[in-house]
Amino acid sequence: MAATTQSSAPAAEPQPGLRERKKMKTRVAIREATYRLIEEQGYDATTVEQIAEAAEVSPSTVFRYFPTKEDIVLTDEYDPLLEQELRERPADEPWFDSLRHVIRKTIGASSSEAPEISRLRTRLMVEVPAVRSRMMESMSVTGRLLSRAIGERSGRDPDSLEVRVFAMSLIGGLMETSMYWAETGQGDDLADLVERTVNVLEHGLPPRNPGDRGASRMTS
């Protein structure tokens, strides 16, 4: 048989069709209108009707894309990216190395979002009970996605207790990282905080620094 010549150039990724582009444009318009109104008048004063008017869509369209007002703030496009990237990592790569790579890539993708929007989102997670509550609910969805990827990668049942505990430990750790970042004024580099989070999950608590808050109480 004659040898087949293969091009080394990567295949171009398929571009979204017109219908999908329209949906993405509508989602963006709803989000931008929401952020603008919240900045101007606060979260509680902002209604779905006002968001719909500012985005030039109907209230039913808003609800079709986002079931609740809280979802407009919290929903992003990165959960599917996290799952896909985990599946594509080499099978023999140490698990936590895969996690670090995928999370860094996800953070890099999310960095295209305007910094003021990231600050607003995380501030609302801390300050608005309804947003924080909805975030906790959405964690279970992300946890199922991650459990599925972990199951495929490890050959385990994604519904097993061990896989579910591991997945939700990671999700909970990342949620607390976001909350810590918001509560401390978002001055730290988020990627560095996430690296610290993964280190704790992999190795456990690091040795206590005597200068840490609460150290004197622990030793007294």
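Scroll up to find the structure this text is about.
Everything in this summary refers to the structure shown in the same document. It should be emphasised that the depicted structure is a prediction, and the values quoted were computed from it without experimental measurement.

Notes on the overall build of the chain
Okay, so step 1: Looking only at helices and strands, the chain features 11 helices and zero strands.
Okay, so step 2: Its helices and strands taken in sequence order, the chain reads α-α-α-α-α-α-α-α-α-α-α from the N to the C terminus.
Okay, so step 3: Taken across its 220 residues, the chain has 35% of its residues classed as buried.
Okay, so step 4: Expressed as a percentage of contacts within the chain between residues at least 6 apart in sequence, the contacts between residues at least 24 apart total 64%.
Okay, so step 5: If you sum the accessible surface of the chain, you get close to 14200 Å²; carbon and sulfur atoms cover 53% of it.

Some details on the packing of helix α8 (residues 129-154) against helix α9 (residues 161-183)
Angle between the axes and distance between the axes: these two values describe a pair of packed helices.
Okay, so step 1: Close contact between α8 and α9 brings their axes to 8 Å; oriented N to C, the two are set at 135 degrees. One element, α8, and the other, α9, form an angle in the oblique class. Relative to α9, the crossing made by α8 is right-handed. Touching R132, M135, M136, M139, T142, G143, L146, S147 and I150 of α8 are V163, R164, F166, A167, M168, L170, I171, G172, M175 and M179, all from α9.
Okay, so step 2: A class-by-class count of the residues in the contact of α8 with α9 yields 13 nonpolar, four polar and two charged.

Concerning the side chain of E93
Okay, so step 1: Looking at the secondary structure, you find E93 in the loop between α5 (78-88) and α6 (95-110).
Okay, so step 2: Since its relative accessible area comes to 19%, E93 is described here as buried.
Okay, so step 3: A distance of 2.5 Å separates the side chain of E93 from the side chain of S98, its partner in a polar contact.
Okay, so step 4: Apart from residues no more than four positions distant in its own chain, E93 is found in contact with S98 and R153.

Let's talk about the pattern of salt bridges
Okay, so step 1: Following the criterion strictly, the structure yields nine salt bridges and no others.
Okay, so step 2: With a shortest N-O distance of 2.9 Å, E93 and R89 are connected by a salt bridge.
Okay, so step 3: Measuring nitrogen to oxygen at the nearest pair gives 3.2 Å for the salt bridge that ties R123 to E127. Note that R123 and E127 are positioned in helix α7 (residues 115-127) at a spacing of four residues, about one turn of the helix.
Okay, so step 4: One network of salt bridges, in which partners are shared, links D97, R100, R104, E195 and E202.

A few points about the packing of helix α1 (residues 18-41) against α7
Okay, so step 1: One can describe the packing of α1 onto α7 by two numbers: an axis separation of 11 Å at closest approach and a directional angle of 70 degrees. Here α1 is positioned roughly perpendicular relative to α7, judged by the angle of their axes. In the crossing of α1 with α7, the sense of the turn from one axis to the other is left-handed. Judged by residue contacts, Y35, I38 and E39 of α1 engage I117, L120, R121, R123 and L124 from α7.
Okay, so step 2: Per-class residue counts for the contact of α1 with α7 are five nonpolar, no polar and three charged.

Things to note about the side chain of T46
Okay, so step 1: Secondary-structure assignment places T46 in the loop between α1 and α2 (48-55).
Okay, so step 2: Polar side-chain contacts of T46 include one of 2.8 Å to the backbone oxygen of G42.
Okay, so step 3: Leave out the neighbours within four places in its chain, and T46 touches L37, I38, Q41, I51 and K69.

Thresholds, definitions, all that
- The written sequence of each chain sets the order in which its residues are numbered from 1.
- Whole-chain, interface and lining totals are the exception, using all residues; otherwise, since this is a predicted model, local features are given only for residues with pLDDT of at least 70 and side-chain atom pairs are given and counted only at 80 or more.
- Water and hydrogen atoms were dropped before computing side-chain values, which therefore reflect all heavy atoms in the structure.
- Strands are runs of DSSP state E lasting at least 2 residues, helices are runs of H or I lasting at least 4, and numbering of each runs from the N terminus.
- Three labels apply to residues, based on accessible area from a 1.4 Å probe with only protein chains included: buried if under 20% of the type maximum, exposed if over 50%, partly exposed otherwise in between.
- Note on contacts: a residue pair qualifies if any of its non-hydrogen atoms lie within 4.5 Å across the two residues.
- Using a 1.4 Å probe, accessible areas were evaluated by the Shrake-Rupley method; residue-level cover was limited to the displayed protein chains.
- In this analysis an axis means a line fitted to C-alpha atoms, helices contributing only their contacting stretch, and an angle means the value between N-to-C directions, from 0 to 180 degrees.
- Put simply, angles under 35 degrees are roughly parallel, angles over 145 are roughly antiparallel, angles from 65 to 115 are roughly perpendicular, and the rest are oblique.
- The crossing is said to be left-handed when, going from far helix to near helix, the turn is anticlockwise and less than a right angle, and right-handed when the turn is clockwise.
- Amino acid classes used here: Ala, Val, Leu, Ile, Met, Phe, Trp, Tyr, Cys and Pro are nonpolar; Asp, Glu, Lys and Arg are charged; the rest, including Gly, are polar.
- Under the rule applied, a polar contact is a pair of N or O atoms within 3.5 Å (in protein, one hydrogen donor and one hydrogen acceptor; residues adjacent in sequence only if both atoms are side-chain atoms).
- Salt bridge, as used here, is a side-chain nitrogen of Lys or Arg placed within 4 Å of a carboxyl oxygen of Asp or Glu.

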